[in-house]
Amino acid sequence: MRGGFVHNRVLVARLDAAFRAVGATTLLECPTGAGIPRGFVDIFATKNGVRVVCEAELRANRVDLAVHKAMELDADYLLLVAPNGRTARAIRARLARAGPTPGTETPRQFILTLGQAIQWVTNCFPLLTSTNRPSPAKERSSCRGS
C-alpha cells in the first residue's frame, strides 16, 4: 500500500477494520479503471449495493483528485478522512474553492477525522441502502462488491 505509517497503519487499516466489522466488503488500493491515469483509491467499500470510496488524506492538496476518482468508480459516497481537525478544515476549504463541476454528479462527500469516520461507518453505513439497481457498467467493474 502506498503512503507512510500514519496513512497506512493508522488511517486506512482502522477504517478497513471498521467497514469489515459492519459486514461491508472492502478492496484496498482499488484501481479507478483501465487506462485511466488517476490511480487507485485507498478503500472501496460496498454493502447492500451502496458504494463508498474512502481516501485518507494527510494534506488538502490532492482532494480534487479524490473527487474525480470517486466519480470514476460511480461511488454513492466519498469519505475523506483526515488525521486531525485542522487538516479536515483545510480539505473542506479546498473543496469549497473548487466548487461543483457543471453537468456532473458528484458523490455525497463527508470530510471527517478518523474518530468521526469510524463512528460514521459504525452508526450510519449499515443503515444506508441502494435506491436503484446498479447499472450494467457498475456490475462489470472489478471494484464493485455484491
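Thresholds, definitions, all that
Residues numbered from 1 in each chain as written. Predicted model: local features only at pLDDT ≥ 70, side-chain atom pairs only at ≥ 80, totals over all residues. Heavy atoms only, no water. Helix = DSSP H or I, 4+ residues; strand = E, 2+ residues; numbered from the N terminus. Buried < 20%, exposed > 50% of the residue type's maximum accessible area, 1.4 Å probe, protein only. Contact = heavy atoms within 4.5 Å. Areas by Shrake-Rupley, 256 points an atom, 1.4 Å probe, with all protein chains shown as cover. Phe/Tyr/Trp six-rings, centres within 6.5 Å; stacked < 30°, edge-to-face > 60°. Salt bridge = Lys/Arg side-chain N within 4 Å of Asp/Glu carboxyl O. Expected span 1.5 Å × (residues − 1). Arc of directions from axis to C-beta. Polar contact = N/O pair within 3.5 Å; in protein donor to acceptor, adjacent residues only side chain to side chain.

Considering the overall build of the protein chain
Then comes step 1: Within the protein chain one finds five helices and five strands.
Then comes step 2: Going from the N terminus to the C terminus, the protein chain shows its helices and strands as α-β-β-β-α-β-α-β-α-α.
Then comes step 3: In the protein chain, which comprises 146 residues, the share counted as buried stands at 42%.
Then comes step 4: Intrachain contacts of the protein chain at a sequence separation of at least 6 include 67% that bridge at least 24 residues.
Then comes step 5: Looking at the protein chain as shown, the accessible area adds up to about 7,900 Å², and 51% of this sits on carbon and sulfur atoms.

Points about the packing of aromatic side chains
Then comes step 1: Under the counting rule described, the total for this entry stands at three aromatic pairs.
Then comes step 2: A centroid spacing of 6.0 Å and a plane angle of 35° characterise the contact between Tyr-77 and Phe-110, whose relative ring orientation is tilted. Within this pair, whereas Tyr-77 is found in strand S4 (residues 77-82), its partner Phe-110 is found in strand S5 (residues 108-113), the two being separated by 33 residues in sequence.
Then comes step 3: Judged by its relative accessible area of 16%, Tyr-77 falls in the buried class.

A word on the pattern of salt bridges
Then comes step 1: Counted according to the given criterion, the structure contains four salt bridges.
Then comes step 2: Arg-20 is the salt-bridge partner of Asp-16, the closest N and O atoms lying 3.2 Å from each other. One end of the pair is Asp-16 and the other is Arg-20, both in helix H1 (residues 5-21) and four residues apart, which spans about a single turn.
Then comes step 3: Of the charged contacts in the structure, one is a salt bridge between Arg-51 and Asp-76, with a shortest N-O distance of 3.1 Å. Within this pair, whereas Arg-51 is found in strand S3 (residues 50-56), its partner Asp-76 is found in the loop between helix H2 (63-72) and S4, the two being separated by 25 residues in sequence.

Looking at helix H3 (residues 85-98)
Then comes step 1: Here H3 spans 20 Å end to end across 14 residues, near enough to the 20 Å set by a 1.5 Å rise per residue.
Then comes step 2: Of the positions making up H3, those classed as buried are Thr-87, Ala-88, Ile-91 and Leu-95. Seen end-on, H3 carries its buried residues on one side only, within an arc spanning 100°. In H3, those exposed residues whose orientation departs by more than 90 degrees from the buried face are Arg-86, Arg-89, Ala-96 and Arg-97.
Then comes step 3: In this structure Asn-84 caps H3, since a side-chain oxygen of it lies 3.3 Å from the backbone nitrogen of Arg-86.

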